[in-house]
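# Residue-level structural notes
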Amino acid sequence: MSPKKQRKLKTHQGNYILIGPKEYSKKQAVEIVRKEATLHPDIFEGEEPYFFFELRYFTPFDKSFKELKRLQGIAANNAGRRDEYRGYVVIDLNNYLTHENEHYFDISMYFLADMSDCWKYIFLVGDTNDRAAKMLIRRMFSILLPSFFCEVRDINITALGEKRVDEICAEQGVRCTEHVKNFLHEVLAIDKNGAVIVDALLRDISLHLGSDIEMIDLVPFCKSNSTVVKYMLSDKQYDRFMKILEHNKESSHEEREAV
């Protein structure tokens, strides 16, 4: 590597690719922006330090592709009275998984490379198809790397899930044992709206059982037909919910016996 390239890599880059479920990666993106705004306030000029943008998929022969004009319009709105927007664009690329070699994806990446003097990027890539995610990121680097570097991060779902459960418990004013929290953390992953389900479940439980929630009380309540969760999940998801409940019930029982 030449000395010139070495110096370039030491300068502040601040671009990221986050791999993981959208619900978690969006929250992580916001945390990154807040940290960057504290450390590097000089890179921000606009109404907000970031905005979300979903790159919609268009087939290569669809002439109605106007995603980049749409992106420019959103950036202009966020610039306010300033000449141009400077800050983060959090871009959801999931629509292009398995389409990374197509014309409009290349055009989009080249455009983003051209705008990298003004914009910083956090790209969101789903992890449900590991091979597709790797191929997409490989294609991104082949286009973007001459202009700027992206740090790739795998989202720590376990840590973020535990944090989200603690937040919901605090919002609801309930106190849950560790076994209940472990159960709720697993429930988060059942559906993309897992946080809504956990929130509704805690509201329901606290209304009937009070603010102190233990597995010994939670199990019979969830097995009853009165729980709201039964009507928020598909039959398949509800079966999974009950299996998670039974597993955590057994773990809690075994630990009490050991004590």
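What counts as what
Residues numbered from 1 in each chain as written. Predicted model: local features only at pLDDT ≥ 70, side-chain atom pairs only at ≥ 80, totals over all residues. Heavy atoms only, no water. Phe/Tyr/Trp six-rings, centres within 6.5 Å; stacked < 30°, edge-to-face > 60°. Helix = DSSP H or I, 4+ residues; strand = E, 2+ residues; numbered from the N terminus. Buried < 20%, exposed > 50% of the residue type's maximum accessible area, 1.4 Å probe, protein only. Expected span 1.5 Å × (residues − 1). Arc of directions from axis to C-beta. Salt bridge = Lys/Arg side-chain N within 4 Å of Asp/Glu carboxyl O. Contact = heavy atoms within 4.5 Å. Core = buried A, V, L, I, M, F, W, Y, C linked by side-chain atoms within 4.5 Å. pLDDT = per-residue confidence, 0-100.

Tallied over the entire structure, the rule returns 14 aromatic pairs. Ring geometry for phenylalanine 44 against tyrosine 88: centres 6.0 Å apart, planes inclined by 40°, an arrangement best described as tilted. With phenylalanine 44 in the loop between helix H2 (22-39) and strand E2 (50-54) and tyrosine 88 in strand E3 (residues 87-92), the pair connects residues that are 44 residues apart, well separated along the chain. Residue phenylalanine 44 is classed as buried on the basis of its relative accessible area, which comes to 16%. Note on tyrosine 88: relative accessible area 0%, which makes it buried. Between tyrosine 50 and phenylalanine 52 the ring centres are 5.6 Å apart and the planes differ by 85°, which places this aromatic pair in the edge-to-face class. Owing to a relative accessible area of 34%, phenylalanine 52 belongs among the partly exposed residues under this scheme.

Looking now at helix H5 (residues 130-144). A rise of 1.5 Å per residue sets the reference length of H5, with its 15 residues, at 21 Å; its end C-alpha atoms lie 21 Å apart and thus fit the reference within 8%. Turning to H5, its buried residues number three or more, namely Ala132, Ala133, Leu136, Ile137, Met140, Ile143 and Leu144. In a view along the axis of H5, the buried residues occupy a sector of 130°, so they form one face of it. Exposed residues lying more than 90 degrees from the buried face of H5 are Arg131, Lys134 and Arg138.

Along the chain, the position of glutamine 72 falls in helix H3 (residues 67-79). Of the residues examined, glutamine 72 reaches a relative accessible area of 40% and is grouped as partly exposed.

The next subject is the pattern of salt bridges. A full pass over the atoms with the stated rule returns 12 salt bridges. A salt bridge links aspartate 92 to lysine 22; the nearest nitrogen and oxygen atoms lie 2.8 Å apart. With aspartate 92 in strand E3 and lysine 22 in helix H2, this pair connects stretches of sequence that are 70 residues apart. Overall, aspartate 92 belongs to the buried group, its relative accessible area being 7%. With a relative accessible area of 37%, lysine 22 lands in the partly exposed category. Across the salt bridge formed by arginine 175 and aspartate 212, the nearest N and O atoms sit 2.6 Å from each other. On the criterion of sequence distance, the pair formed by arginine 175 in strand E6 (residues 175-176) and aspartate 212 in strand E7 (residues 212-213) is long-range, its members being 37 residues apart. On the accessibility criterion, aspartate 212 (44% relative accessible area) is partly exposed. Three or more residues joined by partner-sharing salt bridges are found here, namely Arg56, Glu67 and Arg70.

Next up on the list: the environment of alanine 132. One can find alanine 132 in helix H5. The buried category is assigned to alanine 132, whose relative accessible area is 8%. Measuring from C-alpha to C-alpha, the distance between alanine 132 and leucine 97 comes to 5.7 Å, with 35 residues separating the pair along the chain. Those residues in contact with alanine 132 that lie beyond four places of it in its chain are Leu97 and Thr98.

This paragraph deals with the nonpolar core. Ile122, Phe183, Leu184, Leu202 and Phe241 are the most contacted members of the largest nonpolar core, which totals 43 residues. No other element matches helix H8 (residues 194-209), which puts 6 residues into this core. Beyond its immediate stretch of four places on either side in the chain, isoleucine 122 contacts Tyr16, Leu18, Ala29, Ile32, Val33, Tyr88, Val89, Val90 and Ile91. One finds Phe51, Ala79, Tyr104 and Leu144 within the second-largest nonpolar core, a separate group that totals 37 residues.

On to the confidence of the model for the protein chain. Per-residue confidence for the protein chain averages 85 on the pLDDT scale, and 88% of its residues sit at or above 70. Per-residue pLDDT stays below 50 along residues 1-10; that stretch engages in 5 contacts with residues further than four places along the chain or on separate chains.

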